[in-house]
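Observations on the model geometry
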Amino acid sequence: MKFKSYLKQRLLLILIGALAVIPFMGQEEALFVNASEEITQAEFDESASLEEKLAVILDNERLEGTVTGVSVKHAETGELLFAQNGDIRLHPASNQKLLTAASALETLGVDYRFSTEVLTDGKVNGDVLHGNLYIKGKGDPTLLKADLDQFAQDLKDQGISKIKGNLIGDDTWYDDVRLSQDLNWSDEPFYTGAQISALTLSPDTDYDAGTVIVEVKAAEEAGGQAVVSVTPETDYVTIVNNTEMAAAGESKNISIEREHGSNNIIIEGTMPVGGTFSRSWVSVWEPTGYVLDVFGKSLEEQGMEFIGELEEKFAAAPDDARLLASKESMPLEELLIPFMKLSNNGHGEVLTKEMGKVVYGEGSWDKGLEVMEDVVTSLGVNGDTILLRDGSGMSHKNMIPANDLAQMLYEAQNKSWYPVFKHSLPVAGESERFVGGTLRNRMTSEPAKGNVTAKTGSLSGVSTLSGYVTTADGEELIFTVMINNYLGAGSSMRAIEDAIATALAGHAFGE
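Note that this is a predicted model, so its numbers are computed, not measured. (Residues numbered from 1 in each chain as written. Predicted model: local features only at pLDDT ≥ 70, side-chain atom pairs only at ≥ 80, totals over all residues. Heavy atoms only, no water.)

1. Comments concerning the overall build of the chain
- Counting secondary structure elements, the chain contains 12 helices and 22 strands.
- What you see for the chain is a C-alpha radius of gyration of 25 Å, in line with the 24 Å of a compact globule of 511 residues.
- Counting only residues that meet the buried cut, the chain has 58% of its 511 residues in that class.
- Considering only contacts within the chain whose residues lie at least 6 apart along the sequence, 72% involve residues at least 24 apart. (Helix = DSSP H or I, 4+ residues; strand = E, 2+ residues; numbered from the N terminus. Rg over C-alpha atoms; globule rule 2.2 N^0.38 Å. Buried < 20%, exposed > 50% of the residue type's maximum accessible area, 1.4 Å probe, protein only. Contact = heavy atoms within 4.5 Å.)

2. Examining the nonpolar core
- If you look at the biggest cluster of nonpolar residues, it comprises 50 residues, and the most contacted ones within it are Leu 98, Leu 99, Leu 332, Met 408, Phe 421 and Tyr 468.
- Listing elements by their share of this core, those giving two or more residues are helix 3 (96–107), helix 6 (332–341), helix 7 (345–360), helix 8 (365–378), helix 9 (402–412), helix 10 (418–423) and strand 22 (476–484).
- It is helix 9 that provides the largest number of residues to this core, a total of 7 residues.
- Counting 39 residues, the second-largest nonpolar core is a separate cluster that includes Leu 133, Ala 152, Leu 167 and Phe 295. (Core = buried A, V, L, I, M, F, W, Y, C linked by side-chain atoms within 4.5 Å.)

3. Describing the packing of helix 6 against helix 7
- Interhelical geometry of helix 6 versus helix 7 gives an angle of 140 degrees and a closest axis separation of 9 Å. One way to sum up the angle between helix 6 and helix 7 is to call them oblique. Between helix 6, through Leu 332, Leu 335, Pro 338 and Phe 339, and helix 7, the contact on the second element is made entirely by His 347, Gly 348 and Leu 351.
- When its residues are assigned to classes, the contact of helix 6 with helix 7 shows 5 nonpolar, 2 polar and no charged. (Axes fitted to C-alpha atoms, helices over the stretch in contact; angles between N-to-C directions. Parallel < 35°, antiparallel > 145°, perpendicular 65-115°, else oblique. Nonpolar A, V, L, I, M, F, W, Y, C, P; charged D, E, K, R; others polar.)

4. Considering the sheet that holds strand 21 (residues 462–470)
- Reading across from one edge, 2-1-22-21-20 is the order of the 5 strands in this open sheet, with antiparallel pairing throughout. Lying at the two open borders of the sheet, with one neighbouring strand each, are strand 2 (80–84) and strand 20 (453–459). Taking the axes of each pair of neighbouring strands and ignoring which way they run, one obtains an average angle of 5 degrees across the sheet.
- Sheet analysis places strand 1 (residues 67–74) next to strand 2, joined by 4 bridges and oriented antiparallel. Across the sheet, Val 72 pairs through a bridge with Phe 82, a residue of strand 2.
- Helix-sheet contacts for helix 12 (residues 490–506) involve strand 1, strand 21 and strand 22, and the interaxial angle to strand 21 is about 15 degrees. (Pairing = 2+ DSSP bridges.)

5. A short note on helix 7
- Helix length check: helix 7 (16 residues) gives 23 Å between terminal C-alpha atoms against 22 Å at 1.5 Å per residue, within 8%.
- Burial runs high along helix 7: 12 of the 16 residues are buried.
- Within helix 7, burial applies to Asn 345, Gly 346, His 347, Gly 348, Glu 349, Val 350, Leu 351, Thr 352, Lys 353, Glu 354, Met 355 and Gly 356.
- Looking at the buried residues of helix 7, the elements they touch are helix 3, helix 6 and helix 8.
- One side-chain oxygen at the N-terminal end of helix 7 lies 3.1 Å from the backbone nitrogen of Gly 346; it belongs to Asn 344. (Expected span 1.5 Å × (residues − 1). Polar contact = N/O pair within 3.5 Å; in protein donor to acceptor, adjacent residues only side chain to side chain.)

6. Remarks on the packing of helix 3 against helix 7
- Contact geometry for helix 3 and helix 7: axes closest at 10 Å, N-to-C directions at 35 degrees. Our pair here, helix 3 against helix 7, has a crossing hand that is left-handed. Where helix 3 abuts helix 7, its residues Lys 97, Thr 100, Ser 103, Ala 104 and Thr 107 lie against Asn 345, Gly 348, Leu 351, Thr 352, Met 355 and Val 359.
- Here the residues of the contact of helix 3 with helix 7 sort into 4 nonpolar, 6 polar and 1 charged. (Left-handed = near helix turned anticlockwise from the far one by under 90°.)

7. So, the sheet that holds strand 5 (residues 123–125)
- Spatially, 5-6-8-16 is the arrangement adopted by the 4 strands of the open sheet, whose pairing is mixed. Only two strands of the sheet have a single neighbouring strand rather than two, namely strand 5 and strand 16 (305–306).

8. Quick word on the side chain of Lys 97
- As for its placement among the helices and strands, Lys 97 is situated in helix 3.
- Buried charge without a salt bridge: Lys 97, with Glu 349 as the nearest opposite-charge side chain at an N-O distance of 7.3 Å.
- Once residues within four sequence positions are removed from consideration, Lys 97 is found in contact with Phe 339, Met 340, Ser 343, Asn 344, Asn 345, Gly 391, Ser 392 and Lys 455. (Lys, Arg positive; Asp, Glu negative; His and termini not counted. Salt bridge = Lys/Arg side-chain N within 4 Å of Asp/Glu carboxyl O.)

9. With respect to the pattern of salt bridges
- In total, this model carries 22 salt bridges according to the counting rule given.
- The closest approach of N and O atoms between Asp 206 and Arg 433, which form a salt bridge, is 2.7 Å. One end of the pair, Asp 206, is in the loop between strand 9 (167–170) and strand 10 (211–217); the other, Arg 433, is in helix 11 (residues 433–436), and 227 residues separate them in sequence.
- Using a relative accessible area of 11% as the deciding quantity, one classes Asp 206 as buried.

Okay, structure coming up:
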């Protein structure tokens, strides 16, 4: 008992000291920040059991009033080595993406690709296309302006320089429900709450579909407005520039937010001369129209013109429409990297709808979630004790016990797609963005660095971490940590998660 008391006091002092130096941060700012001072095996007596180590870490005043579920399993045998509130249903935040990724791999396969098509219901006579030009989206979240440029080039190469018809967007591959049922209205203007359409566009290779990048830079003189640019260039959004340039050396205070229900992007605040730029990924209202606008610009850049008054419409392409050009996405194996490493919410929702489309012929959340439930219950999750509401984890109504999530990670090891699944997870302390992902600035020292491979999760009052780790004596472990109902800084919760993962990495079971 004296040893346990000593161990507890010593580790608590270490934890409190580490937590005290962590600045307060908002929930969505937590993705790529240093979460904690690492706690390594050196802080534990070698004779302490795994249960003693974890009990000490969890006996932390910052967890008072929370519900914290922890589950640790042996990766080879599935033996439950430690549990605290392991059977209590908790909100997983972005740990929900573990369920989505596993379900997509099982349902769609590692080689699955999305596609986008350009079609017509007319005929080409000379250099004129007599008929409508359709761009049909089939869910690809990786479509870029460069792809639209290539479509325009393909049409030009076919001898088309004029179009006597309308430009029509076909997004009927999915239903027309743009936002998942529990998404907070306050999240909707930002990239984390972008609308889901079968026809959508990403501004860069992070593939945050349905967003534009808004950048605010300093002008050369005080008194005027800051300089604002949008990527890709589009007239679909309207920039309302309410900024003011301040003298050099003054503080910068810039806000960028889209007005709810419109595509007016309001930019306010002060930018000092010589100040650093501000950048934000802003969701658009109705992505289908966004694609049509940018595609129209690509056609113009290739010298194409529409005869008569161009109308941009939304409608289904006729069944007998003729294919003029097409593009396939990267395979799912590659798409999982930005999805899981960067915790891309839009990808989670697109994959959910795509599973519904493939299995039930309906690209909806309801049907996609049915597929997910079928898959995860086949992977050891008790269907009677979970609630699935979306594919990203943004919902505060998703529920799953820590033991069930750990069991799913255990069962996943038996699947042929498991190497792809594990490879998609962030790796602790690895600075390369598409390796370390949301863990790249966490657990940056051994034994956790390069060892802990896990999915992060963050919502208001929720912080989670689940994945795989190898102990000091080579034992493979699976762990899930789900902290719900906390108040204060999320960084404090991430420090506790990191302490648990590091304790697992440094533990030796012995003989």
